[in-house]
Amino acid sequence: MQVTNIDQKPDAWSEIASHYEATFESLTLQYAHRVAELLRIRPGVDLIDIAAGTGAFSLLMARQGVNVLATDFAPGMIARLEDRISAENLANIRAAVMDGQALKVPDGSFDISVSILGLIFFPDIKQGFLEMKRVLRPGGHGAVVCWGDPRNFMLKNLVMDAVKTVVPQFQPPTQPPVWARLVGAESLERHLGEAGFRQVNITTVTGYLPIRHPQEFWDNFVKRMPPLAYLFGQFDAACVDKIGQVFIEGFAKVSPLDGIPTVTAEACIGVGVA
């Protein structure tokens, strides 16, 4: 399938690997811990992490004695993960560049397959679910994390409020962003069922992302996020800077947690049996 969105291109994610780890991984790690709890993962099982990014979930599992194959289509993400594996001298995890829509592993190779906020970007989401099930042994478990109700995604709301303030006449695209093709419990449950997973259960969780330095958060992460590249690409540099200023000012209205402005993000975790 032809890729037309920058957030579906490996280079875009490779370029932000270190910033993703430093800025966003604390949020995705919360979902990773919940996935591990739901799956009751035991030491010694074989697990594949699909679209693993910089490896928050993969490293968590490897430290607990799970045999892990971490995959991602972005070489920069895998390179960063390999550095982290080496630094911790973990022998039960390996990382490889792979397309999650065509995994280079035999059928029935794993007990568990997981994708945390990764499969949602695949050009062919259905194929991603099918691959997750294909690589599982009979009775194995798959888990996918997607975003929940977009209205409860504060980071998106802060960005769009800033855009509307600076460019009141701006009309959002009629087509939803790539990640929004799969959001919410109903959609996630349907996709898992259509891929052949049984005993599907959906859990909704809220994650918390403290923003200690809003200016740094904007400069190093938000302005460079592949999912926002199309949006910001519609404005000139001066306009983007103004949007950033309003975005940063918006944190004065964000409720603090332990004295730090904290954005919340609702996610859905879907678990099924192969």
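Preceding this paragraph is the structure being described.
Some words on the state of the cysteines
Chemically, a disulfide is nothing more than a covalent bond linking the sulfur atoms of two cysteines. Tallying each qualifying case throughout the model produces zero disulfides. Its sulfur unpaired, Cys268 is 4.9 Å from the next cysteine sulfur, which belongs to Cys146. Among the residues examined, Cys268 registers a relative accessible area of 2% and is labelled buried.

Things to note about the side chain of Ser58
Here Ser58 shows up in helix H3 (residues 56-63). The contact partners of Ser58, leaving out residues within four places of it in the chain, are Asp49, Ala52, Val68, Ala70 and Ile93.

Brief notes about the pairing of strand E5 (residues 136-147)
Across six bridges, the pairing between strand E4 (residues 110-116) and E5 is parallel. When the bridges of E5 are listed, Ile116 appears paired with Val145. A crossover connection joins E4 to the parallel E5 through helix H5 (residues 125-134); in handedness this β-α-β unit is right-handed. In this sheet, strand E8 (residues 260-273) lies alongside E5 in antiparallel orientation, the contact comprising seven bridges. Note on E8: the bridge partner recorded for Gly142 is Gly272.

A word on the pattern of salt bridges
Think of it this way: side chains of opposite charge can pair up when their charged atoms draw near. Counted under the stated rule, the structure contains 12 salt bridges. The network of salt bridges with common partners includes Glu21, Glu25, Arg80 and Arg84.

Rules used throughout
- In this convention, every chain numbers its residues from 1, walking through the sequence in written order.
- Only residues with pLDDT of 70 or above have their local features reported here, since the model is predicted, and side-chain atom pairs are shown and tallied only from 80 upward, although totals for entire chains, interfaces and linings are computed over all residues.
- The side-chain quantities take in all heavy atoms of the structure and omit both hydrogens and water.
- Disulfides are defined in this document as cysteine sulfur pairs within 2.5 Å.
- Buried, partly exposed and exposed residues are distinguished by accessible area as a fraction of the type maximum, computed with a 1.4 Å probe on protein chains only: under 20%, between the cut-offs, and over 50%, respectively.
- Numbering goes from the N terminus for both helices and strands, where a helix is a DSSP run of H or I of at least four residues and a strand is a run of E of at least two.
- Contacts between residues were defined by any pair of non-hydrogen atoms, one from each residue, lying within 4.5 Å.
- Strand pairing is assigned whenever DSSP detects at least two bridges linking the two strands.
- A crossover gets the label right-handed when its path from the first strand over the helix to the second runs clockwise, viewed with the strands pointing away from the viewer.
- Any Lys or Arg side-chain nitrogen located within 4 Å of an Asp or Glu carboxyl oxygen qualifies as a salt bridge.

Worth remembering: the numbers are spatial, not functional.
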